[in-house]
Amino acid sequence: MQKFISPLILFIFLTVHTVAQKPDITDRFREARIDSLLEDLFFSDDELGKLLLPQKNYQFLYARTSYDSRTFFAGREIGADQYNLTGQLFYLNTNGLFAGVSGAWYSQLDPGYRTTVLTLGFSKDLKKMNFIRYRISYDYFLYNNGNSDFDPLFTSSATTGLTLKSKSLGTRVNSTFLLGKEISTQLSWDFYAFLNLIRFSTYSKLQLKPQALLYFGTESAEFQLNEILIDPDTNTEYSVYYKDVWGLMNVQLQLPLSLSLKNFDIEAAWIYNIPQTMGNSQTYPENSFFRISIGYIFNLSVNR
């Protein structure tokens, strides 16, 4: 089982639609990293790739937990220095099928555990052009916010994506449609590299995995009025208005250091956000945080 270990990296894939649903939407996209995990687990490691031949079918169970020192979506901070813990359990096989469950706990929310995400998807590279990989997935959300009357805007999502990769470089594009009472879309485009620092054995190594990610989504942006308006009935003054705007919301830089040791992978990452202001009345400061994660892979295949 130990020979099937590959270095892993999980990428933030965040969105926002309305201010009222920020925590719930954050939960969903914090847990929608399985597409990237699949690629890194099976297809970004040359030695492992030689073992996973088309005629062979391997099955795996992967468990991972992560700690983030601060909590963001699209570069916007939730709370003040709020940390979070996430957990994931996924079934994977080399035919391209993956399914799993994931969730997150937040230090300043009540209840702290907000959402469970159920995922089912498929990922495969093209036979004659294996440097191109496509994927589709569907997520269903189970909410836990302590309010029996809570009626979420979104109950599920569908994602499609495409990856172009070489031996040590790659780029990924993912588009997601949030589904429910309303429909919202977002797009992420990231560039990444794998730099080997130390190789301990064939399947154990220390790697640096720099990444840059562009995130596009919809936000209820605040705009400044040219002049103050007064409601004649209430004498309330208005100097700003809000409008849903789709565009670039965040530029994120990641510098993860990943250690693969037999069936374990351990990662420490510094992540820097450069949030983009959608309106003209409010700006968001640049920020950063640290992530520490540990994962373990179980080989479910029977040796023959």
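Located above this text is the structure these notes cover.
The structure displayed is predicted, hence computed values, not measured ones.

1. A short note on the overall build of the protein chain
Right, so step 1: Each helix and strand in the protein chain was counted, giving three helices and 16 strands.
Right, so step 2: Counting over 304 residues, the protein chain shows a buried share of 48%.
Right, so step 3: For the protein chain, the share of sequence-separated contacts (at least 6 apart) that also reach a separation of at least 24 residues comes to 61%.
Right, so step 4: Of the roughly 14400 Å² of accessible surface on the protein chain, a fraction of 60% belongs to carbon and sulfur atoms.

2. Quick look at unusual backbone geometry
Right, so step 1: That bond from D110 to P111 is cis: its omega, 0°, falls within 30 degrees of zero.
Right, so step 2: With respect to the secondary-structure elements, P111 resides in the loop between β5 (97-106) and β6 (113-125).
Right, so step 3: In this model, A74 sits at a positive phi of 50°, which is unusual for a non-glycine residue.
Right, so step 4: Tracing the backbone shows A74 in the loop between β2 (72-73) and β3 (76-77).
Right, so step 5: Here D81, not a glycine, exhibits a phi torsion of approximately 55°, which is positive.
Right, so step 6: Among the secondary structure elements, D81 is positioned in the loop between β3 and β4 (84-93).

3. Considerations on a nonpolar patch on the surface
Right, so step 1: On the surface, a cluster of nonpolar side chains totalling about 770 Å² of accessible area is made up of L195, L197, I198, F200, L257, L261, F264, I266 and I294.
Right, so step 2: Contributing elements (two or more residues each) for the nonpolar patch: β11 (195-201), β14 (237-261) and β15 (264-275).
Right, so step 3: Element by element, the count of residues in the nonpolar patch is highest for β11, at four residues.
Right, so step 4: Looking at the secondary structure, you find F264 in strand β15.

4. Considerations on the packing of aromatic side chains
Right, so step 1: One pass over the full model with this rule turns up 11 aromatic pairs.
Right, so step 2: Aromatic side chains W189 and F191 sit 4.9 Å apart centroid to centroid with 45° between the ring planes, which places their arrangement in the tilted category.
Right, so step 3: Its relative accessible area of 37% is what places W189 among the partly exposed residues.
Right, so step 4: Take F191: its relative accessible area is 36%, and that puts it in the partly exposed class.
Right, so step 5: Between Y192 and F194 the ring centres are 5.6 Å apart and the planes differ by 85°, which places this aromatic pair in the edge-to-face class.
Right, so step 6: Look at Y192 and you get buried, because its relative accessible area is 6%.
Right, so step 7: Its relative accessible area of 8% is what places F194 among the buried residues.
Right, so step 8: Aromatic rings pair up to connect Y67, Y83 and W105 into one cluster.
Right, so step 9: Directly above the ring of Y284 sits R76, whose terminal nitrogen or CZ lies 4.3 Å from the centroid.
Right, so step 10: A cation over a ring is seen here: R172 above Y192, with NZ or CZ 4.1 Å from the ring centre.

5. So, the pattern of salt bridges
Here the idea is simple: oppositely charged side chains can pair when their charged atoms come close.
Right, so step 1: As enumerated under the stated definition, the model contains seven salt bridges in all.
Right, so step 2: R291 is paired through a salt bridge with D68; the nearest N and O atoms lie 2.8 Å apart. Pair noted here: R291 is in strand β16 (residues 287-299) and D68 is in strand β1 (residues 59-68), with a separation of 223 residues, a long-range link.
Right, so step 3: Under the relative-accessibility criterion, D68 is labelled buried at 1%.
Right, so step 4: Between R70 and D81 there is a salt bridge whose closest N-O contact spans 3.6 Å. Placement of the pair is R70 in the loop between β1 and β2 and D81 in the loop between β3 and β4, with a sequence separation of 11 residues.
Right, so step 5: A single network of salt bridges, built from pairs that share partners, joins R70, E77 and D81.

6. Topic: the environment of I294
Right, so step 1: Among the secondary structure elements, I294 is positioned in strand β16.
Right, so step 2: Apart from the residues lying within four places of it in its own chain, the contact partners of I294 are A63, R64, T65, F264, D265 and I266.

7. Regarding the nonpolar core
Right, so step 1: Counting residues in hydrophobic clusters, the biggest one holds 10 residues: F73, A74, I78, L213, Y215, A221, F223, V245, M249 and M278.
Right, so step 2: Breaking this core down by element, the ones donating at least two residues are β13 (211-230) and β14.
Right, so step 3: With four residues, β13 is the single largest residue contributor to this core.
Right, so step 4: Listed in part, the seven residues of the second largest apolar core include Y58, F60, F98 and I297.

8. Some points on the pairing of β5
Right, so step 1: Bridge count between β4 and β5: nine bridges; the pairing is antiparallel. From the neighbouring strand, T86 faces β5, where its bridge partner is A104.
Right, so step 2: In terms of strand pairing, β5 meets β6 through eight bridges, oriented antiparallel. By the bridge assignment, G103 is partnered in β6 with T116.
Right, so step 3: From the end of β5 to the start of β6, which pair antiparallel, there are six residues.

The rules behind the values
- Residues numbered from 1 in each chain as written.
- Predicted model: local features only at pLDDT ≥ 70, side-chain atom pairs only at ≥ 80, totals over all residues.
- Heavy atoms only, no water.
- Helix = DSSP H or I, 4+ residues; strand = E, 2+ residues; numbered from the N terminus.
- Buried < 20%, exposed > 50% of the residue type's maximum accessible area, 1.4 Å probe, protein only.
- Contact = heavy atoms within 4.5 Å.
- Areas by Shrake-Rupley, 256 points an atom, 1.4 Å probe, with all protein chains shown as cover.
- Patch = residues over 30% accessible without salt bridge, like charges linked within 9 Å, V, L, I, M, F, W, Y side chains within 5 Å.
- Salt bridge = Lys/Arg side-chain N within 4 Å of Asp/Glu carboxyl O.
- Phe/Tyr/Trp six-rings, centres within 6.5 Å; stacked < 30°, edge-to-face > 60°.
- Lys NZ or Arg CZ within 6 Å of the ring centre and 35° of its normal.
- Core = buried A, V, L, I, M, F, W, Y, C linked by side-chain atoms within 4.5 Å.
- Pairing = 2+ DSSP bridges.

Fair warning: the whole summary comes from geometry, so function is off the table for now.
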